[in-house]
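Coordinate inspection notes
One-letter residues, chain by chain:
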Amino acid sequence: MFHIQPILYVIIALTVAGLWKIFEKAGEKGWKALIPVYNYYIWLKIVKRPWWWIFIFLIPGVGFMMYMVVSAITGTAFQKKKVWEMILSGIFFFIYLPYYGFSKAAFQLPVADNAKKEKASSGHEWTEAIVFAVIAATIIRTFFFEAYTIPTPSEEKTLMVGDYLFVSKASYGARIPMTPISFPFAHTTIVGSVNSYLEWLELPYIRIPGYTSVNRHDAVVFNFPEGDTVCANIDNPSYYQLCRSNGRQSVLNNQPIRMMDGLEYPGAVIARPLDQEENYIKRCIAIAGDTLFIKHAQVYIDGEKDELPDQSQMKYIVTTKGQPLDPSIYAKLDITDDRDSGFNPSDTYLYALNLTKHSAEQIKSYMNVVSVVPDIEDSGLADTKDIFPFSPRYRWNVDNFGPLWIPKEGATVKLDTGNLPLYRRIIGVFEHNTLDVQGATIKINGVAATSYTFKMNYYFMMGDNRHNSVDSRFWGFVPEDHVVGRASFVWMSLKKNSHFPKNIRVKRLFTFVNPEGLSRSYLLPGLIIILIAFLYFYIKNARMEKRNPTKPKK
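Source: prediction; values computed, not measured.

Digging into the packing of aromatic side chains
Using the criterion set out here, one finds 41 aromatic pairs in the structure. Taking the centre distance of 5.9 Å and the plane angle of 55° together, the rings of Tyr 164 and Trp 491 count as tilted. Here Tyr 164 is found in strand 2 (residues 163-168), whereas its partner Trp 491 is found in strand 26 (residues 483-493), with 327 residues between them in sequence. Judged by its relative accessible area of 28%, Tyr 164 falls in the partly exposed class. By relative accessible area, which is 33% here, Trp 491 ends up partly exposed. Measuring from centroid to centroid gives 4.4 Å for Phe 224 and Tyr 280, while their planes differ by 5°, and the two rings are stacked. Of the two residues, Phe 224 sits in the loop between strand 5 (219-223) and strand 6 (229-231) while Tyr 280 sits in strand 10 (residues 279-286), which places them 56 residues apart along the sequence. Here Phe 224 falls in the buried class, since its relative accessible area comes to 7%. Through successive ring pairs, a cluster of aromatic residues spans Phe 388, Phe 390, Trp 405, Tyr 423, Phe 430, Tyr 452, Phe 454, Tyr 458 and Phe 477.

Here you go:
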């Protein structure tokens, strides 16, 4: 089996050896290259760069980029000043640093002490500016907030397809990147199916403390819990759902699978690190320690009704008599989901529509509408193939589910083959134990177990568009190490199949995401603040130019 650790050790040894010799050429003691952090200070000192860049070196992921940046700058001291030379020097720093150190090339300070500063080439200036813009953006994206786009209607009408929002990672505490060597601003893949990350170095799960915890009704972005294994050609349904429907061996053998558009081949089966799994956004309905129960589509938490936000949707069967629904109704009520319709010979038209309560009441008022009834599955219908925990013992469906207790860190449950389906994936996958079942005996890490103590908190997520959402009802719990951040602010919202400017949903611009849905729009105050800031800097710049006029050239 191939191991990458020896190669990493060689890269570290080459880098340190190269720095040792470079330090000596620059007039410093070579042994200083062996002292962690201090060696960064000396390195920055000899290439005439600010000492506080040390802190950038210490940021996982970004620190690796910093190595490439300072290596490229070091190359300029050895007369490698062309853009392509700087790029190669940065990418292959573990080769170029030893070369600079052990070759006969002389180290020359970028700016001599009493010499006139040379004017840097425009290419050099632009390269350095772009690199540091990328580093700054990566830091913000990793530890503070990230832009996100709503791709599916599972949160309609709270969050809609075409909403562009910011996700706060600082709220729950940002995760240290687990795959720190990755392409900036890319998630999972780049250029088709090429991975955007390298698995040479994987760090354990570490989360910086946040200022709040995941609360009920938060709109949460998280890594898809079934996203650790995927099929190259089919991303929906998930690999695990394909296995449940078609058999694992059939998927592994790349047997054709019947999809809506015909037969498709799953393709290669790919394993992904946790932080490279697909991002999902749902509303947290139950937190660790809660007991969730869904009866006739009504959610109960610890026996109390849990009310849906006003903008949430569910499926209704709309019946009309005499004539079909006027198509203009769809635009008027902003019905964006796919809609099923049927015709009965008795001049009756049936529609299956995802509607908010308000929209359902409006449709009732139309003259040709006979009834508007929620489309709720009967409690006697069990879906053990698609609904968690995929066991005949738990005869649940999307509208009748539970009761289900949400695991909590430190809590212990009795364990037997009856309730094992609820916790199998937690024990064996999320909490990294070996799990083996022999008859009625459950073995965890080779030892017979009748109980289990959870190592993490877990959450139950559901979409606000209750009958058009693949959520925890379909794949179970969301572990806390999968949580990415909290949806906070919608800054842009665009309709599909419309042209500018009619495609802009003005009322959704500059709105905050809260447990009740969206706040009112703060577009006007936001534009006023931007205008004031622009005027401030314009006036400030004009005053500085007036005080320090540029002298005419001789």
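Back to the text.
Here we look at the sheet that holds strand 12 (residues 298-301)
Here 4 strands make up an open sheet; going across it, the order is 13-12-11-18 and the pairing antiparallel. Because the sheet does not close on itself, it has two edges, and the strands there are strand 13 (304-306) and strand 18 (401-405). Taking each pair of neighbouring strands and ignoring which way they run, the sheet shows an average axis angle of 25°. Strand direction decides the pairing type here: strand 12 and strand 13, joined by 3 bridges, are antiparallel. Considered in strand 13, the bridge of Tyr 300 is made with Lys 305.

Observations concerning the sheet that holds strand 21 (residues 441-444)
The pairing of strands in a sheet happens through backbone hydrogen bonds and is either parallel or antiparallel. Reading across from one edge, 20-21-22 is the order of the 3 strands in this open sheet, with antiparallel pairing throughout. Two strands bound the open sheet, and with one partner strand each, they are strand 20 (435-438) and strand 22 (447-448). With 4 bridges connecting them, strand 20 and strand 21 associate as antiparallel partners. Following the sheet pairing, Gln 438 is matched in strand 21 by Thr 441.

About the criteria used
- Residues numbered from 1 in each chain as written.
- Predicted model: local features only at pLDDT ≥ 70, side-chain atom pairs only at ≥ 80, totals over all residues.
- Heavy atoms only, no water.
- Phe/Tyr/Trp six-rings, centres within 6.5 Å; stacked < 30°, edge-to-face > 60°.
- Helix = DSSP H or I, 4+ residues; strand = E, 2+ residues; numbered from the N terminus.
- Buried < 20%, exposed > 50% of the residue type's maximum accessible area, 1.4 Å probe, protein only.
- Pairing = 2+ DSSP bridges.
- Axes fitted to C-alpha atoms, helices over the stretch in contact; angles between N-to-C directions.

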